[in-house]
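# A closer look at the structure
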Amino acid sequence: MYTLNSIKEKVLSGKQLSDDEAYALLDFDSKELREAASEVTSRMCAPVFDSCSIINARSGRCSENCKWCAQSAHYNTKCDVYDMVEHAECMRVARYNHERGVKRFSLVASGKKVSGDALKTMCRILDDVHRNVGIEVCASMGLLDRDGLRQLKEAGVNRYHCNLETAPSYFRHLCTTHTIEDKLATIEAAHELGMEVCSGGIIGMGETPRQRIEFALTLRKARPVSIPVNVLSPIKGTPLGETTLISEDEILDTIAMIRLIHPAVQIRFAGGRARMSREAQREALRIGVNSGVVGDLLTTIGSTIDEDRQLAKEAGYDF
């Protein structure tokens, strides 16, 4: 029988929770769970809010059948479709975000993976941003192999993003065109090249609370420095378009559990948080969230940089 205090003290001592201890988190009262997560956050994470911005560099016509995604060619969602954003537009957005104090800039592209001339074009853009803007550059371009990742690294990319999305036991119910193992292979190749990894997922897609713990434990294999937490925004036309929204309490409890399983990583507010009340967003920052994707997101609207800066400062973070 585990107590929350013993679990918290084990985390604070620098030891990793066992799988059984992680699943035991489901048994504790929400208030106590969040207080434990808050203490771990304050003692094991620097009071600095890591901000990143993204630009949808290639949109739509994706071959993959991820049931949550507006960009899948399998569904009629009326999302924007284009092959490549203009180089000049990427530079404009990168400079704007850098001037506003945003720390990172990432190109995100639809499709199973970016390759060939498209990858070379994106590498040129990222190299230009890296050399001439001064903002850190990241990339999210699908299931790249070692050669594709090497090209990105040579262009200045020091962090690669590849979400696991959900628990392995649930992933196959949401996508059949690739696997979590495919994702982990790309992630491992990024590690081998000396790149940092950003990997998280989406909650509220019909998974059970136990599967959220399974997801958090599986993320250990990815060894991420950053875990984006998205909350499903049901998009009309996708198979999950009519999914019932999960409650703010479920979101907050999940963040607390992820913090206790990953005590020193950046937990990154991403898509779907705009529907949360300001009070709930402040609580999320208190119990674990210490980074965020700022500005507009891929196919949903985010919050403004100024709003996020104010929220972070209210929670005691430097932005």
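Please refer to the structure higher up on the page.
For every chain, the first residue of the written sequence is number 1, and numbering continues from 1 onward in sequence order. Local features in a predicted model are, by the rule used here, given only for residues with pLDDT of at least 70; side-chain atom pairs are given and counted only at 80 or more, and totals for whole chains, interfaces and linings are based on all residues. With hydrogens and water excluded, all non-hydrogen atoms of the structure serve as input to the side-chain values.

## Regarding the overall build of the protein chain
Secondary structure elements are taken from DSSP: a helix is a run of H or I of four residues or more, a strand is a run of E of two residues or more, and numbering for both begins at the N terminus. Within the protein chain, the regular secondary structure consists of 12 helices and nine strands. All radius of gyration figures rest on C-alpha atoms, and the globule criterion is 2.2 Å times the number of residues raised to 0.38. The C-alpha atoms of the protein chain give a radius of gyration of 19 Å, which matches the 20 Å a tight globule of 319 residues would have. For the C-alpha atoms alone, the extent of the protein chain along its principal axes is close to 55 × 40 × 40 Å. Accessible area is worked out with a 1.4 Å probe on protein chains only. A residue is then buried under 20% of its type maximum, exposed over 50%, and partly exposed in between. Counting only residues that meet the buried cut, the protein chain has 57% of its 319 residues in that class. In what follows, a contact means two residues having at least one pair of non-hydrogen atoms within 4.5 Å. In the protein chain, the proportion of contacts linking residues at least 24 apart, taken out of those at least 6 apart, comes to 75%.

## Considerations on the packing of helix α4 (residues 87–99) against helix α5 (residues 116–132)
The interhelical angle for the contact between α4 and α5, taken along N-to-C directions, is 35 degrees, at an axis separation of 10 Å. Relative to α5, α4 is oriented so that their crossing is right-handed. The segment α4 lies against α5, with H87, C90, M91 and A94 engaging R124, I125, D128 and V129. Classification used: nonpolar for Ala, Val, Leu, Ile, Met, Phe, Trp, Tyr, Cys and Pro, charged for Asp, Glu, Lys and Arg, polar for all others including Gly. Looking at the contact of α4 with α5, its residues break down into five nonpolar, one polar and two charged. Between the N-to-C directions of two axes lies an angle of 0 to 180 degrees, each axis being a line fitted to C-alpha atoms and, for a helix, fitted only over the stretch in contact. Handedness of each helix crossing follows the sense of rotation of the near helix against the far helix: counterclockwise by less than a right angle gives left-handed, clockwise gives right-handed.

## Considerations on the pairing of strand β8 (residues 266–269)
On β8, burial covers both faces: Q266 and R268 on one face and I267 and F269 on the other are all buried. Here, any two strands with at least 2 DSSP bridges between them count as paired. Bridge count for strand β7 (residues 226–231) against β8 is four bridges, and the pairing is parallel. Looking at the pairing, I227 lines up with I267 of β8. Pairing of β8 with strand β9 (residues 289–293), which is carried by three bridges, proceeds in the parallel orientation. Residue pairing across strands places R268 opposite S291, the latter belonging to β9. Tracing the backbone out of β8, into helix α11 (residues 278–287) and back to the parallel element β9 gives a crossover that is right-handed. Viewed with both strands pointing away, a crossover whose connecting path from the first strand over the helix to the second turns clockwise is right-handed.

## A word on the pattern of salt bridges
Salt bridge, as used here, is a side-chain nitrogen of Lys or Arg placed within 4 Å of a carboxyl oxygen of Asp or Glu. Inspection of every chain in the model, using the stated rule, returns 27 salt bridges. Ionic pairing is found between K8 and E9, a salt bridge with its closest N-O pair at 4.0 Å. The residue R104 makes a salt bridge to E196 at a minimum N-O spacing of 4.0 Å. Of the two residues, R104 sits in strand β2 (residues 104–109) while E196 sits in strand β5 (residues 196–198), which places them 92 residues apart along the sequence.

## A few points about the nonpolar core
Counting residues in hydrophobic clusters, the biggest one holds 101 residues, and the most contacted among them are L107, M141, L152 and Y160. In this structure L152 touches L119, C123, L126, A139, M141, L144, V157 and Y160, once residues within four positions along its chain are discounted. Among buried residues, those of type Ala, Val, Leu, Ile, Met, Phe, Trp, Tyr and Cys that are joined through side-chain atoms within 4.5 Å constitute a nonpolar core.

## Observations concerning helix α10 (residues 248–261)
What a helix is expected to span follows from its residue count: subtract one and scale by 1.5 Å. With 14 residues, α10 should reach 20 Å at 1.5 Å per residue; the first-to-last C-alpha distance of 20 Å fits that figure. Looking only at α10, the buried set comprises I251, L252, D253, T254, I255, A256, M257, I258, R259, L260 and I261.

## Some words on the packing of aromatic side chains
To pair, rings of Phe, Tyr and Trp, with the six-membered ring standing in for Trp, must have centres within 6.5 Å; the planes then decide the type, stacked if under 30 degrees apart, edge-to-face if over 60, and tilted in the middle. Counted under the stated rule, the structure contains two aromatic pairs. Between the aromatic rings of F49 and F319, the centroid separation amounts to 5.8 Å while the plane-to-plane angle is 15 degrees, which identifies the pairing as stacked. Here the residue F49 occupies a position in the loop between α3 (30–44) and β1 (50–58), and F319 occupies one in the segment after α12 (305–314), the gap between them amounting to 270 residues. By the burial criterion, F49 is buried, and F319 matches it.

## Describing unusual backbone geometry
Here E165, not a glycine, exhibits a phi torsion of approximately 80 degrees, which is positive. Of note, E165 is situated in the loop between β4 (157–161) and α7 (168–174). In this model, R223 sits at a positive phi of 50 degrees, which is unusual for a non-glycine residue. Since its relative accessible area comes to 42%, R223 is described here as partly exposed.

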